[in-house]
Structures are given as C-alpha cells and as structure tokens.
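Chain by chain, the residues:
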Amino acid sequence: MRAFDLGTVVGFVQRVDGAVRAVSGTCTHQGCRLKLDAATGDLGCPCHTTVFAVSGELSQHQLPLAPRPLPAFAAREIDGVGQVHAPPHTI
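Residues numbered from 1 in each chain as written. Predicted model: local features only at pLDDT ≥ 70, side-chain atom pairs only at ≥ 80, totals over all residues. Heavy atoms only, no water.

J.: What's the story with the confidence of the model for the protein chain in this structure? I'm lost.
T.: Interpreting fine coordinate detail is not advised for predicted regions of low pLDDT. When pLDDT is averaged along the protein chain, the result is 91; 97% of the residues meet or exceed 70. Averaged pLDDT values over the elements of the protein chain bottom out at 88 in strand β10 (residues 81–84) and peak at 97 in strand β6 (residues 51–52). (pLDDT = per-residue confidence, 0-100. Helix = DSSP H or I, 4+ residues; strand = E, 2+ residues; numbered from the N terminus.)

What follows is the structure, given as structure tokens:
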C-alpha cells in the first residue's frame, strides 16, 4: 500500500491478486485526509474515529450516519509501473 498525491486527488494504491487498485485518501464525511495505519493496514480519519478498510469499505465509525465508502480510481499497471487515473478537476 502506498499513498499518492496527484495534485487534484490523493489516495492509496496497492496490488491485490495481481491487479492494481486505488482508493481515495479523503474521508467521505468531512473531507479530511486519511492516514494509513501501518500496524492494521486500515485508513483512519484524524478528524474523528472513522476507519476504512484498504478496499474503501467502511470498517467503523461513531457518527450518527455512516459515511459512504471511499471512491475507487481507475488504475492499471504498464511495464511494472502502477498508474492511477485522476478524474478531471472541476470547479
């Protein structure tokens, strides 16, 4: 699992069963930047106790309403290099 910052989006990318997968690094609750917990492999929000699995699924929260899962980004591997497609920046 590696963090990435493409300027318009931040996230985490990893190889799962030979395929490159990428998810957003921004909490879907308040937009805080997530941090990777190296010990558990989870993505935690520093703004509150919400935790996401590396797949982007919600693992735990203490909010009145559950946040949405993390969006996935299109990702691929070409010649051993992982590539993440950044969605176009909109204003």
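J.: Got a minute to help me understand the side chain of Thr50 in this structure?
T.: Tracing the backbone through its elements, the reader meets Thr50 in the loop between β5 (43–44) and β6. A polar contact is formed between the side chain of Thr50 and the side chain of His48, at a distance of 2.7 Å. Beyond its immediate chain neighbours, meaning those up to four positions away, Thr50 contacts Leu43, Gly44, Cys45, Leu58, Gln60, His61, Leu63 and Pro67. (Polar contact = N/O pair within 3.5 Å; in protein donor to acceptor, adjacent residues only side chain to side chain. Contact = heavy atoms within 4.5 Å.)

J.: Explain the environment of Leu58 to me, please; I cannot follow it from the model alone.
T.: Tracing the chain through its elements places Leu58 in strand β7 (residues 58–60). C-alpha of Leu58 to C-alpha of Val20: the two residues are 38 residues apart in sequence and 20 Å apart in space. Ignoring any residue separated from it by four or fewer positions in sequence, one finds Leu58 in contact with Thr50, Val51, Phe52, Ala66 and Pro67.

J.: Please explain the pairing of strand β2 (residues 10–16) as it appears in this structure.
T.: Regular strands show a simple pattern: their side chains alternate between the two faces of the sheet. Where strand β1 (residues 2–5) meets β2, 4 bridges bridge the pair, whose relative direction is antiparallel. Its bridge partner being in β2, Arg2 is matched across the sheet by Val13. In sequence, β1 turns back onto β2 through a hairpin of 4 residues, with Gly7 there showing a positive phi of about 90°. Strand direction decides the pairing type here: β2 and strand β3 (residues 19–24), joined by 6 bridges, are antiparallel. Bridge assignment links Val13 to a residue of β3, and that residue is Ala22. Where β2 folds back on β3, the antiparallel hairpin that results is connected by 2 residues, among which Asp17 adopts a positive phi of roughly 50°. (Pairing = 2+ DSSP bridges.)

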